[in-house]
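Remarks on the overall topology
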Amino acid sequence: MAASMKKTQDSSSYILAQSAVPLIMLPSGTNISATGAISPLTNSLPSTPSGVVRVYCFAQAGLAAGMYYATFTSPSSLQLYLDAAATVTPTGITPGSYVGGTTEVVLASVTVPGGSLGPNGQLRFDCLLNWFNSANTKTLNIKLAGQQIGGFSPTTSASGGARYSMRNRGTNRQVVGFPNGSYDWVTARSGSTYTLTVDTTVDQVFTITGVLQSLAEWFIIEGYTVEVLPG
């Protein structure tokens, strides 16, 4: 029986998206060059990221808002790139200070194929996080078709993990748990579960977004996994 159950799970559940490439919301920086070198950041990251990572930049003169590739030479110095191989730098940026932002931004998006969950399936997400240790709120939001699956808003401390689950009740109604905190599988919560109304028979976009309360602070998604468990 155990072998049969394992075979069923392996043939039905699967990873829709997974990454260990850091997604970084940058703080403001003293200088940005015409080709996207930013240094120093107002507050340094906890360590120097290795390899090519992804960073979100707010719009600057000559630089559109959005996700960029980047390499770091120190916890507070980086170079922006337009390609994953880190060979093409942006051009035409007006040199000056780099100014961050406090609006909600999309850090990653994944298409959930229509019908993939089935009428009783589950969409599951987990991630590893680092954030600037302060009394200001740093917010992670997890959404499907713009509707909230979960959210995590740390202040003090410096790192942690979060996981969320959404289950279909038919194909256009879902139940999710604990929208304002990590979905803990064993700890009782004072809040109740709640429902969404997403049509999962058609393609829908799953988004990971972030919000900073202070221009001087940073937030990092160190890695994440999105799983589909059809049912």
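What counts, and where the lines are drawn
- Residues numbered from 1 in each chain as written.
- Predicted model: local features only at pLDDT ≥ 70, side-chain atom pairs only at ≥ 80, totals over all residues.
- Heavy atoms only, no water.
- Helix = DSSP H or I, 4+ residues; strand = E, 2+ residues; numbered from the N terminus.
- Buried < 20%, exposed > 50% of the residue type's maximum accessible area, 1.4 Å probe, protein only.
- Areas by Shrake-Rupley, 256 points an atom, 1.4 Å probe, with all protein chains shown as cover.
- Pairing = 2+ DSSP bridges.
- Salt bridge = Lys/Arg side-chain N within 4 Å of Asp/Glu carboxyl O.
- pLDDT = per-residue confidence, 0-100.
- Contact = heavy atoms within 4.5 Å.
- Phe/Tyr/Trp six-rings, centres within 6.5 Å; stacked < 30°, edge-to-face > 60°.
- Lys NZ or Arg CZ within 6 Å of the ring centre and 35° of its normal.
- Axes fitted to C-alpha atoms, helices over the stretch in contact; angles between N-to-C directions.

Turning next to the overall build of the protein. Along the backbone of the protein there are one helix and 17 strands. The buried share among the 231 residues of the protein stands at 46%. Approximately 10500 Å² of the protein is accessible, and the part contributed by carbon and sulfur atoms is 53%.

Now for the pairing of strand S7 (residues 77–81). Counting buried residues along S7, five of its five residues qualify, which places the element largely inside the surrounding structure. Of the two faces of S7, the one carrying Ser77, Gln79 and Tyr81 and the one carrying Leu78 and Leu80 are both buried. The pairing of strand S4 (residues 37–41) with S7 spans two bridges and is classified as antiparallel. Within S7, the residue paired with Ile38 across the bridge is Leu78. As consecutive antiparallel partners, strand S6 (residues 66–74) and S7 are separated by two residues.

We now examine the pattern of salt bridges. In total, this model carries three salt bridges according to the counting rule given. The partner of Glu104 in a salt bridge is Lys143, with the nearest N and O atoms 3.0 Å apart. Taken together, the residues Glu104 in the loop between strand S8 (96–98) and strand S9 (105–112) and Lys143 in strand S11 (residues 138–144) connect sequence positions 39 residues apart. In this structure Lys143 comes out as buried when scored by relative accessible area, which is 17%. For Arg124, the salt bridge goes to Glu227, with nearest N and O atoms at 3.2 Å. Residue Arg124 is located in strand S10 (residues 122–131), and its partner Glu227 is located in strand S17 (residues 219–229); the two are separated by 103 residues in the primary sequence.

Turning our attention to the confidence of the model for the protein. Note that predicted coordinates carrying low pLDDT should not be read in detail. Residues of the protein with pLDDT of at least 70 account for 89%, and the chain-wide mean is 90. Confidence over residues 1–11 falls short of pLDDT 50; this stretch has zero contacts with residues more than four positions distant or in other chains. Low pLDDT (under 50) marks residues 180–186, which in the prediction has 20 contacts with non-local residues, meaning those over four places away or in another chain.

So, about the pairing of S10. Along S10, seven of the 10 residues are buried, which leaves the element largely enclosed by surrounding structure. Pairing between S10 and strand S13 (residues 159–168): nine bridges, direction antiparallel. Its bridge partner being in S13, Asp126 is matched across the sheet by Arg163. In this sheet, S17 lies alongside S10 in antiparallel orientation, the contact comprising 10 bridges. Paired with Trp131 across the two strands is Phe219, which belongs to S17.

Take the packing of aromatic side chains next. This model, assessed by the stated rule, comprises six aromatic pairs. Arranged with centres 5.6 Å apart and planes meeting at 45°, the rings of Phe125 and Phe206 form a pair that is tilted. Of the two residues, Phe125 is situated in strand S10 and Phe206 in strand S16 (residues 204–212); the sequence distance between them amounts to 81 residues. Taken individually, Phe125 and Phe206 each receive the classification buried, so the pair is uniform in this respect. For Arg54, the ring lying beneath its charged end belongs to Tyr69, and the centroid distance is 4.1 Å.

A few words on the sheet that holds strand S12 (residues 147–152). What the four strands build is an open sheet, ordered S9-S16-S11-S12; its pairing is antiparallel. Here the strands that pair on one side only, and so sit at the sheet edges, are S9 and S12. If you compare each strand with its neighbour and ignore which way they point, the axes differ by 20° on average. Bridge count between S9 and S16: seven bridges; the pairing is antiparallel. When the sheet's bridge partners are listed, Thr111 is paired in S16 with Val205.

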